[in-house]
Amino acid sequence: MKFPRTKLVLSLVAALFCMTMLAQAADTKIGFLVKQPEEPWFQLEWKFADMAAKDYGFEVIKIGTPDGEKVLTAMDNLSASGAKGFVICTPDVKLGPAIMAKAKANNLLVIAVDDRFVGPDGKDMESVHYLGISARKIGNAVGETLMQQVKARGWDLKDVGFMVMTFDELPTIQDRTEGAIEQAIAMGFPAGQVYKAPIQARMEIPTAMDAANTLLTRYGNVKKWIVAGGNDSCVLGAVRALEGRGIRVEDAIAVGINGTDCLPELEKANPTSFYGSFLLSAREHGYKTSEMMYQWLTQGKQPPLDTRTIGKLITRDTFRQILKDEGITE
Ligand code: FCA
């Protein structure tokens, strides 16, 4: 049978196109820099970035960058290895201008994930491509969940203190905690019983625990507590501090954000006062940002400047099924 000539030419062109795409994909290297590589949240972002790399055939270079110096060194190393772009959750949002200046000099494209860069004027750097959470809305949902639990348990509001684990250096965290406070107040929580516990330095369980202990020393006469915070670690620190003060499990309700760093807590045989958490979409943050960078580098397709993701409540009763549905566990 004679193979039509045009078909043959078309097949050859198609094969050539595929080979070029594959060669290009294999050559494409994308950096993924995170501020706290030990946090399960960031490990999951990396896991999903790896998945995108596998699907598209590019290479992800994962680097933990807990401070500014490490970020700048990592950028040099990325350039040296032939990478042309990277995704970053910066250790300090104020590094934004320095990162962008160096990226320009090194010919690297940038997508900021989770923590949005802040310019010298203290405002968000809106010209830098960003993917993050709808922080205020998720904060509102935390406040709503806490108040629903207070009502379900029939607590008298006059006995309750609202401990808010704050970290105002980071706008996304400030939006989350302010969102929780505004919603609780809108649902009737007395504004005078909201107490902020500012976390010093990094957001980690021990630093959060210290901040909560300082607050509990001051308000030792409060009988019942509700707790919100910027992420799971902040809230878990408060839960540990409450336990240390002898507050009974049934006298405190704590709700986190991330839904990833609290899993050992939800798996404990006996419930603690950590009621649940808002599970964020690590898939969107890890897979989507890498995919966006890949398409930007290889097809010139610029990602949207501002993409926001949502959260979903997980509790001891629901977390296993939801994590499975979200593709986080098998
Ligand atoms: C910030 C927090 C992380 C995570 C992320 C989406 O970077 O530090 O724990 O909540 O936003």
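Provided above is the structure to which this section pertains.
Residues numbered from 1 in each chain as written. Predicted model: local features only at pLDDT ≥ 70, side-chain atom pairs only at ≥ 80, totals over all residues. Heavy atoms only, no water.

A.B. asks: Where do I start with the layout of surface pockets in this structure?
C.D. replies: The method is simple in principle: a probe with the dimensions of a water molecule rolls over the atoms, and the space it marks as empty is what remains. Within this model, the largest pocket holds a volume of roughly 290 Å³. When its residues are assigned to classes, the lining of the largest pocket shows 8 nonpolar, 2 polar and 7 charged. (1 Å grid on protein atoms, 1.4 Å probe; cavity = no way out; pocket = protein on both sides within 12 Å on 5 of 7 lines; lining within 4 Å. Points joined across faces, edges and corners; volume = space filled by probe spheres on them. Nonpolar A, V, L, I, M, F, W, Y, C, P; charged D, E, K, R; others polar.)

A.B. asks: Could you clarify how one ought to interpret the pattern of salt bridges in this entry?
C.D. replies: Two side chains that carry opposite charge are able to pair once their charged atoms sit near each other. Tallying each qualifying case throughout the model produces 21 salt bridges. With a shortest N-O distance of 3.2 Å, Glu-38 and Arg-202 are connected by a salt bridge. Taken together, the residues span a long stretch of sequence, with Glu-38 in the loop between strand 1 (29–34) and helix 2 (40–56) and Arg-202 in the loop between strand 7 (194–198) and helix 7 (205–218) at a distance of 164 residues. In this structure, the salt-bridge partner of Glu-182 is Arg-136, at a minimum N-O distance of 3.0 Å. Of this pair, Glu-182 sits in helix 6 (residues 171–186) while Arg-136 is found in helix 5 (residues 135–152), placing the two residues 46 residues apart along the sequence. Look at Glu-182 and you get partly exposed, because its relative accessible area is 36%. Judged by relative accessible area, Arg-136 falls into the partly exposed class, the value being 35%. Residues joined by salt bridges that share partners form a network here, namely Arg-116, Asp-124, Asp-306 and Arg-308. (Salt bridge = Lys/Arg side-chain N within 4 Å of Asp/Glu carboxyl O. Helix = DSSP H or I, 4+ residues; strand = E, 2+ residues; numbered from the N terminus. Buried < 20%, exposed > 50% of the residue type's maximum accessible area, 1.4 Å probe, protein only.)

A.B. asks: Could you clarify how one ought to interpret the site of the ligand in this entry?
C.D. replies: As a structural note, the neighbourhood of the ligand is formed by Lys-35, Glu-39, Trp-41, Phe-42, Cys-89, Asp-114, Asp-115, Arg-176, Met-203, Asn-231, Asn-258 and Leu-280. Residue Asn-258 places a side-chain N or O atom 2.5 Å away from an oxygen atom belonging to the ligand. Contact with the protein chains hides 100% of the accessible area of the ligand, taken as 290 Å² for the molecule alone. The pocket occupied by the ligand, as judged from atoms lying within 2 Å of grid points, is the largest cavity. (Near = heavy atom within 4 Å. Polar contact = N/O pair within 3.5 Å; in protein donor to acceptor, adjacent residues only side chain to side chain. Areas by Shrake-Rupley, 256 points an atom, 1.4 Å probe, with all protein chains shown as cover. Sits in = over half its atoms within 2 Å of the grid points.)

A.B. asks: Looking at this structure, I do not really get the sheet that holds strand 5 (residues 130–133). What am I missing?
C.D. replies: Across a sheet, strands are paired by hydrogen bonds formed along the backbone, either parallel or antiparallel in direction. The 6 strands are arranged 2-1-3-4-5-11 in an open sheet whose pairing can be described as parallel. Since the sheet does not close on itself, it has two edges, and those belong to strand 2 (59–64) and strand 11 (306–309), each with one partner. Within the sheet, the average angular offset between the axes of one strand and its neighbour, ignoring direction, is 20°. In this sheet, strand 2 lies alongside strand 1 in parallel orientation, the contact comprising 6 bridges. Pairing of Leu-33 across the sheet is with Ile-63, part of strand 2. Where helix 2 meets the sheet, its contacts fall on strand 1, strand 2, strand 3 (85–89) and strand 4 (109–113), and the angle it forms with strand 2 comes to roughly 165°. (Pairing = 2+ DSSP bridges. Axes fitted to C-alpha atoms, helices over the stretch in contact; angles between N-to-C directions. Contact = heavy atoms within 4.5 Å.)

A.B. asks: What should I look at first to understand the side chain of Thr-289 in this one?
C.D. replies: Looking at the secondary structure, you find Thr-289 in helix 10 (residues 282–299). A distance of 3.3 Å separates a polar atom in the side chain of Thr-289 from the backbone oxygen of Gly-286. When sequence neighbours within four positions are dropped, the list of residues in contact with Thr-289 reads Phe-32, Val-87, Ile-111, Val-113, Leu-131 and Glu-284.

A.B. asks: Would you mind going over the pairing of strand 1 with me for this structure?
C.D. replies: Put simply, side chains in a regular strand alternate between the two faces of the sheet. Of all 6 residues that make up strand 1, 5 are buried, and the element is covered over most of its length. At this point the chain moves from strand 1, through helix 2, to the parallel strand 2, and the crossover so formed is right-handed. Direction of pairing for strand 1 relative to strand 3: parallel, over a ladder of 5 bridges. Pairing of Gly-31 across the sheet is with Phe-86, part of strand 3. (Right-handed = clockwise from strand over helix to strand, strands pointing away.)

A.B. asks: Just checking my understanding: could you explain the packing of aromatic side chains for this structure?
C.D. replies: Both the distance between ring centres and the angle between the ring planes are used here to describe each pair of aromatic rings. All chains considered together, the criterion is met by 6 aromatic pairs. Each ring, one from Tyr-56 and one from Phe-58, has its centre 6.4 Å from the other, and the planes form 25°; the classification is stacked. The exposure class assigned to Tyr-56 is partly exposed, which follows from its relative accessible area of 26%. For Phe-58, a relative accessible area of 6% translates into the label buried. Taking 3.9 Å as the distance between ring centres and 20° as the angle between the ring planes, the aromatic pair formed by Tyr-195 and Tyr-219 counts as stacked. Residue Tyr-195 is found in strand 7, and its partner Tyr-219 is found in the loop between helix 7 and strand 8 (224–229); the two are separated by 24 residues along the sequence. Like Tyr-195, the residue Tyr-219 is buried in the burial classification. The structure contains a cluster of three or more aromatic residues connected by ring pairs, namely Tyr-56, Phe-58 and Tyr-294. In this structure, Lys-224 is placed above the aromatic ring of Trp-155, and the distance from its NZ or CZ to the ring centre is 5.7 Å. (Phe/Tyr/Trp six-rings, centres within 6.5 Å; stacked < 30°, edge-to-face > 60°. Lys NZ or Arg CZ within 6 Å of the ring centre and 35° of its normal.)

A.B. asks: What's the story with empty space enclosed by the protein in this structure? I'm lost.
C.D. replies: On inspection of all chains with the given rule, the structure shows 1 cavity of 30 Å³ or more. Size it by volume and the largest cavity reaches roughly 120 Å³. Looking at the largest cavity, it is lined by 15 residues, and the ones nearest its centre are Trp-41, Phe-42, Asp-115, Arg-176 and Asn-258. Secondary-structure elements contributing two or more residues to the lining of the largest cavity are helix 2 and helix 6.

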